[in-house]
Amino acid sequence: MASEQAPVEAPLAFSKYSKRVILKTILDRPDGGVGLIGQRVVVGGWVKSSREFRKEPVAPAPDVGGPKDVSCVEVLQSRLPFFKSIIKVFGGEYRIREKLDTVLPKPPQPSISILQISDGSGVSSLQVLVDSSLAPPSQVMPTGTCVLAEGILQKPSLQGKETLELKADKILHIGAVDQDRYPLSKKRLPLESLRDSAHFRPRTTTVASVMRIRSALTQATHTFFLENGFLYVQVPVITTTDCEGFGENFQVTTLLGKDQSSIDDNGGVKLETIKASIKEKSKQVEELKRSESNKEALAAAIQDLKKTTELVSQLDAKKKEKSGKSYTQSNRVDFSQDFFSCKTYLTVSGRLHLESYASALGKVYSFGPRFHTNKSYSKKLLAEMWMVELEIAFSELEDSMECATDFLRFICKWILENCTEDLKFISKRVDKLVLDRLQFIATGPFEKISYTQAVDVLKQANERKFQIEWGVSLNEEHESYLTDEIYKKPLIIYDHPKQLKPFYVRLNADGKTVAAFDVIVPKVGTLIRGSQNEERYNTLNARIKESGLEKQQYEWYLDLHRHGAVKCSGFSFLFDPLVLYATGLNDVRDAVPFPRSFGKANN
């Protein structure tokens, strides 16, 4: 009968691009890395904590007779007691002792720096022993010091919780720290105190775990859409369209800070400046005619000169008709002189652009930053929010709601399976219920109610006495009450009043509501806002007019519905609040690498 074989450990993995061993591949092995004892490795990371172990002085070897080389210092040291007795007789002991100590400095006591090093690959850190003969303790021990060391993995030489350690015999790199200015320390710092040091805070164990979970959620997002036949489409960050129609846009311009001496009272370039440019353009045309080398460049230069001449004529006529009006600085902005020659914004949503691609490719999604100017102090919203957005052709509201629930279940299950160590740490350090909440979405049911039903439930909450009427947007307190206290599960609220949703959402038969839905989960509130889009050209055109929007902005979108319109539905998923949900954090500024919020933009 064959004897049972021990499980084969995975081979030690070296980082492909940095020629070092990733600590996670050592410390996260089933045996904690014990099976690697005796191997030579190179590791690198940052010091999390440290202590110093002082060695006992080595006694001098006994004299066995025979000749030996003796240094002057050794002779002085051996005769020091004799000199001291003579000095004492003459009363100069203190002064002479000072001089002798200067001549004969005491050698530093040998020691070992015991470093806990983390490279960001996992929660655990590796203990590294650095002898003072390799590097002074003052250099390697400060928290935050970067160390790249080579040595042998061995059993711990000192008592502690470690299962192995690295005894360094070479120090390949030291990145020193200015201890007076470095913001981190051995002690645990509150997350809010780290927000002004966003460039250093991933070196803390908590923030590092949050960022690894965030990375896993990103990977899960792309995996879900890949497995379900979606194409990834990059939508523009700069757009000419107010995609939601609510005017909460950051405007993009290069006009600020321009030399105002070149701008006239009407907001354009001064007439004299343009006339001067005509001379230069005329000179360029003549040079091109003489060279006869580039006919295309000559044609372009002639056309440019013609347009400039026409512009001068128009400005001359305008100047004659001017009635002497005075203009404020705000009226002097002429966006035809801007970089894009028109008003442009940072996008609040990519769904309109995605719909154009869904109308050709079927199922598409995008993942990127979206920008809102609402001056909110909410702990769940930022000015720059990362969103996942998608559009599905030949689909209706129910299809989009089904996709939203499948997506949430998938990514929660994904991180439960792929972020075990980080979630264990988070549940211990931040929120002990985080695993239960994720499991609840991954396997639990979702409740569906209409907006009208939600308002009725809130009106009946006598103990809260909510001031709410039909047509009012549900706030965070309303959402929390519905999900945390009434239904106690994820909630989908559909058929919202049309004035609360973007103009492109499909109008329902009642003329008052639209085919929109929100997915609300306990703790963080709304995670998903979705809808079926309006495919009827006349209705869409009427909604733009009814909303008081500038039709010219949306001509390209209307054009999409003039030619081969299709029923589409989709949603926008707020990625950052999901990180809050998955980590138990309370403020979204702690879940984003470099948060941009009202009144605050560091780095």
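Residues numbered from 1 in each chain as written. Predicted model: local features only at pLDDT ≥ 70, side-chain atom pairs only at ≥ 80, totals over all residues. Heavy atoms only, no water.

The chain appears in an unreviewed UniProt entry as asparagine--tRNA ligase from Sesamum calycinum. Its UniProt record gives the chain a comment under Sequence similarities (unreviewed entry), which states: "Belongs to the class-II aminoacyl-tRNA synthetase family." (UniProt positions renumbered as here; feature names shortened; annotations may be inferred.)

## Some thoughts on the packing of helix α10 (residues 420-429) against helix α11 (residues 434-443)
Contact geometry for α10 and α11: axes closest at 8 Å, N-to-C directions at 125°. With respect to α11, the element α10 is oriented oblique. Along its contact with α10, which presents Leu423, Ile426 and Ser427, the element α11 presents Val434, Leu435 and Leu438. The residue makeup of the contact of α10 with α11, split by class, is five nonpolar, one polar and no charged. (Axes fitted to C-alpha atoms, helices over the stretch in contact; angles between N-to-C directions. Helix = DSSP H or I, 4+ residues; strand = E, 2+ residues; numbered from the N terminus. Parallel < 35°, antiparallel > 145°, perpendicular 65-115°, else oblique. Contact = heavy atoms within 4.5 Å. Nonpolar A, V, L, I, M, F, W, Y, C, P; charged D, E, K, R; others polar.)

## Quick look at the sheet that holds strand β11 (residues 384-393)
Strand order across the open sheet formed by eight strands is β6-β10-β11-β16-β15-β14-β13-β12, with mixed pairing between neighbours. Looking at the sheet topology across the chains shown, the edges are occupied by β6 (231-232) and β12 (447-450). In this sheet, strand β13 (residues 491-497) lies alongside β12 in parallel orientation, the contact comprising four bridges. In the sheet register, Ser450 faces β13, and the bridge partner there is Tyr494. (Pairing = 2+ DSSP bridges.)

## Things to note about the sheet that holds strand β8 (residues 250-252)
Whether parallel or antiparallel, the strands of a sheet pair through hydrogen bonds between backbone atoms. Spatially, β7-β9-β8 is the arrangement adopted by the three strands of the open sheet, whose pairing is antiparallel. Every other strand in the sheet has two partners, leaving β7 (238-239) and β8 as the edge strands with one partner each.

## Brief notes about helix α8 (residues 351-361)
When we look at burial in α8, the residues that qualify are Arg351, Leu352, His353, Leu354, Glu355 and Ala358. On the buried face of α8, the contacting elements are β7, β10 (363-371), β11, β15 (525-532), α15 (555-562) and β16 (568-574). Where α8 ends, the next residue or the one after it, Gly362, has phi of about 95°, a positive value. (Buried < 20%, exposed > 50% of the residue type's maximum accessible area, 1.4 Å probe, protein only.)

## A closer look at the packing of aromatic side chains
A complete count under the given rule lists 21 aromatic pairs for this structure. Ring geometry for Tyr182 versus Phe200: centroids 5.1 Å apart, planes at 70°, classification edge-to-face. Here the residue Tyr182 occupies a position in the loop between β5 (165-175) and α5 (205-227), and Phe200 occupies one in the loop between β5 and α5, the gap between them amounting to 18 residues. Of the residues examined, Phe200 reaches a relative accessible area of 22% and is grouped as partly exposed. Cation over ring: Arg437 sits above Tyr581, and NZ or CZ is 5.4 Å from the ring centre. Its end group placed over the ring of Trp470, Lys512 keeps NZ or CZ at 5.4 Å from the ring centre. (Phe/Tyr/Trp six-rings, centres within 6.5 Å; stacked < 30°, edge-to-face > 60°. Lys NZ or Arg CZ within 6 Å of the ring centre and 35° of its normal.)

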